[in-house]
Amino acid sequence: MAARIRRNDQVEVLSGRDRGVRGEVVAVNVRENRAIVNGVNLVKRHQRPTGPQNPGGIIEREAPIDLSNLGLVCNPCGSAVRVKFNQLDDGRKVRVCIKCDEVMD
Ligand SMILES: [Zn+2]
């Protein structure tokens, strides 16, 4: 199945605390419909010291964000857009910007 949002995509957060923030998709969990986006949805975690290499403390990490809260950023449009899927002659599906018809793949 073709995914709307993939790893390395440039996305924008559409709702919630980080609305308007952009980042690159680091990982997508298709099963849970969530993605990790660089610099988005940061949470502070209290890390226990686990040894001399890792003294512990408070670290900030990205928490998974629901895919429905993310929009793919289209470069020509300069904003987050909805995408549609077009099927090529060879059967491949590509994502296309619904506003400007730019192919995103
Ligand atoms: Zn566009």
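Above this text you will find the structure in question.
Residues numbered from 1 in each chain as written. Predicted model: local features only at pLDDT ≥ 70, side-chain atom pairs only at ≥ 80, totals over all residues. Heavy atoms only, no water.

### Observations concerning the coordination of the zinc ion
Geometry sets the ideal angles at a metal, namely 109.5 degrees for four tetrahedral donors and 90 or 180 degrees for six octahedral donors. The protein atoms donating to the zinc ion are Cys-74 (SG), Cys-77 (SG), Cys-97 (SG) and Cys-100 (SG), with metal-donor distances spanning 2.2 to 2.4 Å. Bound by 4 donor atoms, the zinc ion shows angles of 106 to 113° at the metal and therefore tetrahedral coordination geometry. Mapped onto the sequence, the donors of the zinc ion take the spacing C-x2-C-x19-C-x2-C. Here the residue Cys-77 occupies a position in the loop between strand 7 (70-74) and strand 8 (79-81), and Cys-97 occupies one in strand 10 (residues 93-97), the gap between them amounting to 20 residues. A residue is classified by how much of its surface remains accessible, and Cys-77, at 29% relative accessible area, is partly exposed. (Donors = N, O, S within 2.8 Å, 3.2 Å for Na, K, Ca; no water. Tetrahedral: all angles 85-135°; square planar, octahedral: opposite > 155°, others 65-115°. Helix = DSSP H or I, 4+ residues; strand = E, 2+ residues; numbered from the N terminus. Buried < 20%, exposed > 50% of the residue type's maximum accessible area, 1.4 Å probe, protein only.)

### Observations regarding the side chain of Asp-9
The topology assignment puts Asp-9 in the segment before strand 1 (10-13). There is a polar contact of 2.8 Å between the side chain of Asp-9 and the side chain of Arg-95. Leaving out residues up to four positions away in the same chain, Asp-9 has contacts with Arg-4, Gly-23, Glu-24, Val-25, Leu-72 and Arg-95. (Polar contact = N/O pair within 3.5 Å; in protein donor to acceptor, adjacent residues only side chain to side chain. Contact = heavy atoms within 4.5 Å.)

### Overview of the environment of Gly-78
By the secondary structure assignment, Gly-78 is in the loop between strand 7 and strand 8. For the pair Gly-78 and Val-11, spaced 67 residues apart in sequence, the C-alpha separation works out to 11 Å.

### Focus on the pattern of salt bridges
In a structure, side chains of opposite charge can pair up when their charged atoms sit close to one another. Taken as a whole and judged by the stated rule, the model has 7 salt bridges. Two residues, Asp-9 and Arg-95, come together in a salt bridge whose shortest N-O distance is 2.8 Å. One end of the pair, Asp-9, is in the segment before strand 1; the other, Arg-95, is in strand 10, and 86 residues separate them in sequence. Among the residues examined, Asp-9 registers a relative accessible area of 10% and is labelled buried. Of the charged contacts, one joins Lys-84 and Asp-101 as a salt bridge, the two residues approaching to 3.1 Å between their closest N and O atoms. On the criterion of sequence distance, the pair formed by Lys-84 in strand 9 (residues 83-87) and Asp-101 in the segment after strand 10 is long-range, its members being 17 residues apart. Salt bridges sharing partners connect three or more residues here, namely Arg-6, Asp-9, Arg-95 and Asp-105. (Salt bridge = Lys/Arg side-chain N within 4 Å of Asp/Glu carboxyl O.)

### Regarding the nonpolar core
Judged by nonpolar contacts, the single largest core of 16 residues is most densely connected at Ile-5, Val-11, Val-25, Val-37, Ile-65, Leu-70 and Met-104. Elements with a minimum of two residues in this core: strand 1, strand 3 (34-37) and strand 7. No other element matches strand 7, which puts 3 residues into this core. Aside from chain neighbours lying at most four places away, what touches Leu-70 is Arg-4, Ile-5, Val-11, Glu-12, Val-13, Leu-14, Ala-35, Val-37 and Ile-65. (Core = buried A, V, L, I, M, F, W, Y, C linked by side-chain atoms within 4.5 Å.)

### Looking at the side chain of Glu-12
By secondary structure assignment, the location of Glu-12 is in strand 1. A distance of 2.7 Å separates a polar atom in the side chain of Glu-12 from a polar atom in the side chain of Arg-22. The contacts of Glu-12, once residues within four sequence positions are left out, are Gly-20, Val-21, Arg-22, Asn-69, Leu-70, Gly-71, Val-73 and Ala-80.

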